[in-house]
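# Summary of structural features
Chain by chain, the residues run as shown.
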Amino acid sequence: MTTAAETPVPALGRSRGRVLRRLARNRMALIGGALLVVVVAAGVFAPWLAPYPPTEVHFSTPFQRPLTVGFALGTDDLGRDLLSRVLHGTRVSLQVGLLSVLLAVVVGVPLGLLSGYWRWLDAVVSRLVDLMLAFPFLIVAVGLAAINGGGLGNAAIALGIAHVPTMVRVVRAETLRFKDSDFVLAAHAMDAGPWRVLGQHVLPNALSTIIVQATVIMPAAVLGEAVLSFLGLGIQPPDPSLGIMLSDAQQYLLRTPWPGVFPGVAIALICLGFNLFGDALRDALDPKSGS
Amino acid sequence: MGRYLLHRLWQSALTLVLASVVVFVGVRALPGDPAQAMAGEEADPATVEAIRAQLGLDRSLPEQYLRFAGQLLSGDLGTSVRTGTPVSDMIGATLPVTLQLAVYAMVIAILLGMSAGVLAAVFRGRWPEWAANGLSLVTLSVPTFWLGILAVLYLSVRLGWFPASGYVSPFEHPLRGLYYLTLPALILGLSHTAVVQRQTRASMVETLTADFVRTARAKGLGRAAVVFRYGLRNSLIVVTTIVGLQLGGLIAGAVVTERIFSLPGIGKLTLDSVFTRDYPVIQAVVLVVTTAYIVINLLVDLLYTVIDPRMRVSGRAR
Amino acid sequence: MTSSDKQPLLEIDDLEVSFGSGAAAVAAVRGVSFRLMPGERVAVVGESGSGKSTTAHAVLGLLPGTGRVTGGRILLRGEDITHADEKRLRRLRGREVGLVPQDPMANLNPVARVGRQVAETLMAHGVASRREAAARTVELLAEAGLPEPRRRARQYPHEFSGGMRQRVLIAIGLACRPELLIADEPTSALDVTVQQQILDHLDRLTRELGTALLLVTHDLGLAADRADQVIVMSQGRVVEAGPARTVLTDPRHEYTRKLVAAAPSLATARTREAVTVTAPAGRATATAGEGEPARPVLEVDRIAKEYRVRGRGGVLRAVDDVSFTVAEGRTLAIVGESGSGKTTTARMVLGLVPVTSGSIRLGGEDVSGLRGARRRAARRSMQPVFQDPYASLDPMFTVERLISEPLRIFRVGDRASRRARVAELLDHVALPASVAHRYPNELSGGQRQRVAIARALALGPRLVVCDEAVSALDVLVQDQILRLLDTLQRDLGLSYLFISHDLAVVRSIAHDVVVMRHGRVVEQGPVERVLSTPAEPYTRQLLDAIPGSGVLG
């Protein structure tokens, strides 16, 4: 029997089983998880689920209303099937998001670990991070678009670079926290070298924080892709992108709103799924929030 | 403290110089020959060479950089390839619009975010927390530029509550200016509300469950006094840092917002120059934006030392 | 003793406090009853989780989280305040009942001036106007023993030491002259000598003001020193109550007896005797210090550690000219308060912090400047056990992986033999083999410390460095771990370098002791000699500051 006042909750205690149990009990996590399954399935299986190729034009049937025969979500000004385009757009959004997260993780995690561990490196990495922060992602995207034109790869690079600094900071903070912990001290006393300490002690302990950070980056990158494509700096037409669809739909939105509604809803659902799940995961991992 | 100040100044200066190098190298990496472009497709090689010499493009890269830096320091940002006007004039005309929009949006984000964050922290586990959390989830998930489009459509065009586009300087017509900026600022601000709200909530919860707050209650202070005197002051410190870090995103957001509401700001200038490959303008805009970011974060850090007494003695305590 | 016809100041009657709600509700305090007369000093003693702090907080209506009173009554001067409304409680808190909380580092608002935090109390109760409050604050701070109160009032908490902060908290607690002061572990975060000064001061103030004191503490000795009545709590219930001296000298309840027996400050002599009597023959001579001297395992010769102080260009000598020798099969304790350099010394011995000068010899070989393979060999024969068993075990590792990590680092044996070794080690530290697949957070504090000890023993070291290894544990668990260390020493012929701030613990486990202060050795020698007839006034001061030392004589 313990009371909150007398027993400080251990800052670290966590085990996989308990986190999963907590997630399973959290309604938000379940909703978020279900949403993610649907969204990811839609993206992965888009080529098989979509009734038409996303760029196939049907000049005879522009601006079909939703729920018309053959076009479940209707068509746009060129008669392209909105359902097919939303499915493929979702696929592109997820691709860009995933690539950005990968870039942020691959660059950010090692930089964070190293700069947290070695003070002399910290000064260098900190300047680099400051520099990256000084260039907002749109500016980077603008630069890349100006050099190479748009495209999925450039959008992902711009968005990935944009999220490297936060990843570095988060991992660095975790490294600093664990570097001076007693269990790392104990490892040093057993003659564990820096790589063993970083790889076996610091990284596994920081992993949950990295995963949570990734669930923050993912929706941000999905939104970012939409913004870039909306501005004409991201995916280039006629490739499907939710951002481009919104940009196109803007012109005739007053007359026919649906081409401008479904892509927005799709983006919101993708992001909502990641945000809900990420929040729940953070709560489940937080030792301070009930058991 | 004085040491810390000097250290921060030195860091900021270094970042600025590095940023200018990145921009310089980046622009040199752009495809196409500016001399050829200026001279025109049909120009003979001698003319192109002359222009090249005039632009200093025949010198070594370090020499070119020094020249470039010298021009920057004297306020010369070059000339637009597209319009032939000095870039500094173009930025002078557009930057105020973006700054007004950004500041207005930040004020909205802070007011909305802090109130929602405080409510969520104070009424933990009750409906205000659920409402605040819901709001933050929605603003984080719904693309705000889409909200912007819908808002223009329904609030401006259909209902006529707000002007759909256009800009009036608030310095000339204060009320009308604010009115024109309100919808754009609200849309831009909304996308940053969630971050402010979450940080406020987190720091409020941390403060309100801290031992020293229980001690304050044991003195006989009421809940309201504790929330405002203890919680708010501490979360203000956190929000201050956010403001600086959010600025990058805010500027990016401004580009989109200006596009939707046709505001003559720096975002519009950027987009126009990207699509016309107006390199001097792109280069200048990037420099101005990064400089603004670095300077504002420096100011935020200095403000920090004023708000947080722990910083006055020890320098950066974290 | 106060006569029974007077009205009690505080009366707690069959109190029950629960946490959580509905079916998940758990009672943290069950059927607790006691009374406190005006001006009386009552101590509530118990281990963590005994419900002692919860009881105290219930009086103030400040139960944390989901806690609420689910039964019984709390009467203040006959008035039932059990379920008083917020308005009534606000008048009560600070004005009628003051609080001195546990951790001075965490209980002052870091971003508000100290004076303001005192004045707040006065103004909250309308005792003083803003202007009067400022003047009164300076008086109160002076009264609490803060030097230069006028200047200090304008400073922020981070500019104060722990002891000074605690004085501020006392000033706050007594600001409105409450009739009852609740002191919740008021000094457990402080060094013993500071603890003594603070408690003396608190004693004097409450006596002068006639304030009744409800002292919450885990330390039986401290309770006996400072209270008229002692109430012993365990698992939410009162197990024993009575006059302080009686409870300590003649405990009736079994739990209290165990507690008294385990408290190092009260029961050292006995433990030590038992050890000597049961010691094997070879060791007995070593203990007695006769015959041939035991072989030295660790020889520390004039080591020093300097740190550059940033900004001022100065140098801080954290450890200055420290020498000592740990003999085979013996325990040497380094004792000192915070800032004495004892932990830095231990880290230098472990090779975690390089020495600035001097030499450290392990089994005759100088290890202070070693690198590479030879340092590895040195590390093999010397392993640490750290203070906080919560922090010193990687939470992502299973117990088996934790204990076998040193074996893996030193490439000892194969998978199967390592598994067998882990089982053997778990047996050594009296843990069931089934814990091998558990994670640290599934174990109790004592079990975790056993795991840490097992890990330290994995490579078969000759020397184990225990850095405050029992300080974070409750008294009964502490006693068990000390006994375990003792058994292991006899069975395996281990030597211990034992770092501690607690002289009472040192007295019960060590053969030799080094007393450190400000980085220097104040005094060293056999425990019996140094602790019974100390040559230095500082050692004397440390001994006198041990709570409860006077009770059993």
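Residues numbered from 1 in each chain as written. Chains lettered and ligands numbered in written order. Predicted model: local features only at pLDDT ≥ 70, side-chain atom pairs only at ≥ 80, totals over all residues. Heavy atoms only, no water.

- In the annotation of an unreviewed UniProt entry, the entry for chain C reads Peptide/nickel transport system ATP-binding protein, and the organism field reads Goodfellowiella coeruleoviolacea.
- Quoted verbatim from the Sequence similarities (unreviewed entry) field of the UniProt record, the comment on chain C reads "Belongs to the ABC transporter superfamily." (UniProt positions renumbered as here; feature names shortened; annotations may be inferred.)

- By the naming in an unreviewed UniProt entry, chain A goes by Peptide/nickel transport system permease protein and is assigned to Goodfellowiella coeruleoviolacea.
- In its Subcellular location (unreviewed entry) section, the UniProt entry covering chain A states "Cell membrane".

### Regarding the overall build of chain C
- A tally of helices and strands in chain C yields 22 helices and 20 strands.
- Against the globule reference of 24 Å for 553 residues, chain C gives a C-alpha radius of gyration of 26 Å, in line with a compact fold.
- Overall, chain C is about 70 × 60 × 45 Å in size when its C-alpha atoms are taken along their principal axes.
- Out of the 553 residues belonging to chain C, those deemed buried represent 56%.
- Contacts spanning at least 24 positions in sequence make up 70% of the contacts within chain C whose residues lie at least 6 apart.
- Accessible area for chain C stands at about 22500 Å²; split by element, carbon and sulfur atoms hold 48% of it.
- Once the 73 positive and 64 negative side-chain charges of chain C are each reduced to a mean point, those two points are 6 Å apart. (Helix = DSSP H or I, 4+ residues; strand = E, 2+ residues; numbered from the N terminus. Rg over C-alpha atoms; globule rule 2.2 N^0.38 Å. Buried < 20%, exposed > 50% of the residue type's maximum accessible area, 1.4 Å probe, protein only. Contact = heavy atoms within 4.5 Å. Areas by Shrake-Rupley, 256 points an atom, 1.4 Å probe, with all protein chains shown as cover. Lys, Arg positive; Asp, Glu negative; His and termini not counted. Charge placed at Lys NZ, Arg CZ, Asp CG, Glu CD.)

### Structural notes on the overall build of chain A
- Helices and strands together make up the secondary structure of chain A, namely eleven helices and zero strands.
- In chain A, the succession of α and β elements from N to C terminus is α-α-α-α-α-α-α-α-α-α-α.
- Taken over the C-alpha atoms alone, chain A extends approximately 75 × 50 × 30 Å along its principal axes.
- Evaluated residue by residue, chain A yields a buried proportion of 55% over its 291 residues.
- Across chain A, the fraction of contacts at a sequence separation of at least 24, relative to all contacts at a separation of at least 6, is 71%.
- Of the roughly 11700 Å² of accessible surface on chain A, 69% is carried by carbon and sulfur atoms.

### Some thoughts on the packing of aromatic side chains
- Counted according to the given criterion, the structure contains ten aromatic pairs over all chains.
- For the ring pair Phe 178 of chain A and Phe 183 of chain A, a centre distance of 6.0 Å and an interplane angle of 40 degrees mean the geometry is tilted. With respect to class, Phe 178 of chain A is no different from Phe 183 of chain A; both count as buried.
- The interplanar angle of 75 degrees and the centroid separation of 5.3 Å between the aromatic rings of Phe 24 of chain B and Tyr 65 of chain B together place this pair among those described as edge-to-face. On the criterion of sequence distance, the pair formed by Phe 24 of chain B in helix α1 (residues 2-28) and Tyr 65 of chain B in helix α4 (residues 61-73) is long-range, its members being 41 residues apart.
- When its relative accessible area of 17% is taken as the criterion, Tyr 65 of chain B is described as buried.
- Taken together, the ring pairs connect Tyr 117, Trp 118 and Trp 195 of chain A into an aromatic cluster. (Phe/Tyr/Trp six-rings, centres within 6.5 Å; stacked < 30°, edge-to-face > 60°.)

### Looking at the nonpolar core
- Membership of the largest hydrophobic core comes to 186 residues, with the highest contact counts inside it found for Leu 231 of chain A, Ile 91 and Phe 145 of chain B together with Ile 453 and Phe 498 of chain C.
- No other element matches helix α9 (residues 194-231) of chain A, which puts 16 residues into this core.
- Filtering out sequence-adjacent residues up to four positions away, Leu 231 of chain A remains in contact with Leu 138 of chain A together with Val 255, Val 256, Arg 259, Leu 271 and Phe 275 of chain B.
- Ala 28, Phe 34, Leu 36 and Ile 81 of chain C belong to the second largest nonpolar core, which has 34 residues in total. (Core = buried A, V, L, I, M, F, W, Y, C linked by side-chain atoms within 4.5 Å.)

### Focus: the sheet that holds strand β14 (residues 357-362) of chain C
Residue and element names in this part refer to chain C.
- Here four strands make up an open sheet; going across it, the order is β12-β11-β14-β15 and the pairing antiparallel. Looking along the sheet, the strands with just one partner apiece sit at the ends: β12 (315-327) and β15 (365-366).
- As paired elements, strand β11 (residues 296-308) and β14 share five bridges and run antiparallel to each other. By the bridge assignment, Val 300 is partnered in β14 with Ile 360.
- Sitting on the sheet, helix α13 (residues 342-349) is in contact with β11, β12 and β14, with an inclination near 120 degrees to β11. (Pairing = 2+ DSSP bridges. Axes fitted to C-alpha atoms, helices over the stretch in contact; angles between N-to-C directions.)

### Some details on a positive patch on the surface
- A contiguous patch of positive charge, built from Arg 233 of chain B together with Arg 113, Arg 116, Arg 130, Arg 150 and Arg 154 of chain C, is present on the exposed surface.
- Relative to the assigned elements, Arg 233 of chain B resides in helix α10 (residues 223-261).
- Classification of Arg 233 of chain B by relative accessible area gives partly exposed; the value is 32%. (Patch = residues over 30% accessible without salt bridge, like charges linked within 9 Å, V, L, I, M, F, W, Y side chains within 5 Å. Salt bridge = Lys/Arg side-chain N within 4 Å of Asp/Glu carboxyl O.)

### Regarding the interface of chain C and chain A
- Taken together, the contact between chain C and chain A spans 41 residues of the former and 27 residues of the latter.
- With both sides pooled, the region where chain C packs onto chain A buries about 3000 Å², and carbon together with sulfur makes up 59% of that total.
- In this structure, Arg 376 of chain C engages Asp 191 of chain A in a salt bridge whose closest nitrogen and oxygen atoms are separated by 3.2 Å.
- The set of elements that each furnish at least two residues to the side of chain C that touches chain A consists of β2 (26-36), α1 (52-60), α14 (372-380), β16 (382-385) and α15 (399-409) of chain C.
- Ranked by residue count, the leading element in the side of chain C that touches chain A is α15 of chain C, at five residues.
- Residues belonging to the side of chain C that touches chain A are distributed by class as follows: 18 nonpolar, ten polar and 13 charged. (Buried area = accessible area lost by both parts, 1.4 Å probe. Nonpolar A, V, L, I, M, F, W, Y, C, P; charged D, E, K, R; others polar.)

### Notes on the sheet that holds strand β7 (residues 180-184) of chain C
Residue and element names in this part refer to chain C.
- Judged by pairing direction, the sheet is mixed, and its six strands sit side by side in the order β6-β7-β8-β3-β9-β10 without closing on themselves. What marks the edges here is a single partner per strand, and that holds for β6 (97-100) and β10 (237-243). Put simply, the sheet's adjacent strands are angled 15 degrees from each other on average, direction ignored.
- The sheet contact formed by β6 and β7 spans four bridges and is parallel. Looking at the pairing, Gly 98 lines up with Leu 181 of β7.
- Contacts from α1 reach β3 (41-45), β6, β7, β8 (212-217) and β9 (229-234), with the element oriented near 145 degrees to β7.

### Regarding the packing of helix α5 (residues 119-134) of chain A against α1 of chain B
- Running from N to C, α5 of chain A and α1 of chain B cross one another at 60 degrees; their axes reach a closest spacing of 9 Å. In this view, α5 of chain A runs oblique relative to α1 of chain B, as classed from their interaxial angle. The handedness of the crossing between α5 of chain A and α1 of chain B is right-handed. From α5 of chain A, Arg 127, Asp 130 and Leu 131 of chain A reach across to α1 of chain B, where they touch Gln 11, Leu 14, Thr 15, Leu 18, Ala 19 and Val 22 of chain B.
- Tallied by class, residues from the contact of α5 of chain A with α1 of chain B come to five nonpolar, two polar and two charged. (Parallel < 35°, antiparallel > 145°, perpendicular 65-115°, else oblique. Left-handed = near helix turned anticlockwise from the far one by under 90°.)

### Quick look at the UniProt feature "transmembrane region" (unreviewed entry) in chain A
- UniProt tags residues 28-50, 92-116, 128-147, 153-171, 210-236 and 256-278 of chain A as "transmembrane region" (unreviewed entry).
- When the span residues 153-171 of chain A is considered, its composition is 100% helix and 0% strand, and the gap between its end C-alpha atoms is 25 Å.

### Thoughts on the interface of chain B and chain A
- On the chain A side, the residues contacting the 45 residues of chain B number 41 residues.
- Summed over both partners, the interface of chain B with chain A buries about 3700 Å², with 76% contributed by carbon and sulfur atoms.
- Contact with chain A buries surface across chain B, with Ser 141, Phe 145 and Trp 146 of chain B losing the most and accounting together for 16% of the total.
- Residues Arg 198 of chain B and Asp 279 of chain A are paired through a salt bridge, measuring 2.6 Å at the closest nitrogen-oxygen approach.
- The interface formed by chain B and chain A includes four residue pairs in polar contact (both at pLDDT 80 or more).
- Elements supplying a minimum of two residues to the side of chain B that touches chain A: α1, α6 (127-141), α7 (144-158), α10, α11 (266-275) and α12 (279-307) of chain B.
- Each residue belonging to the side of chain B that touches chain A can be placed in one class, and the counts come to 33 nonpolar, seven polar and five charged. (Polar contact = N/O pair within 3.5 Å; in protein donor to acceptor, adjacent residues only side chain to side chain.)

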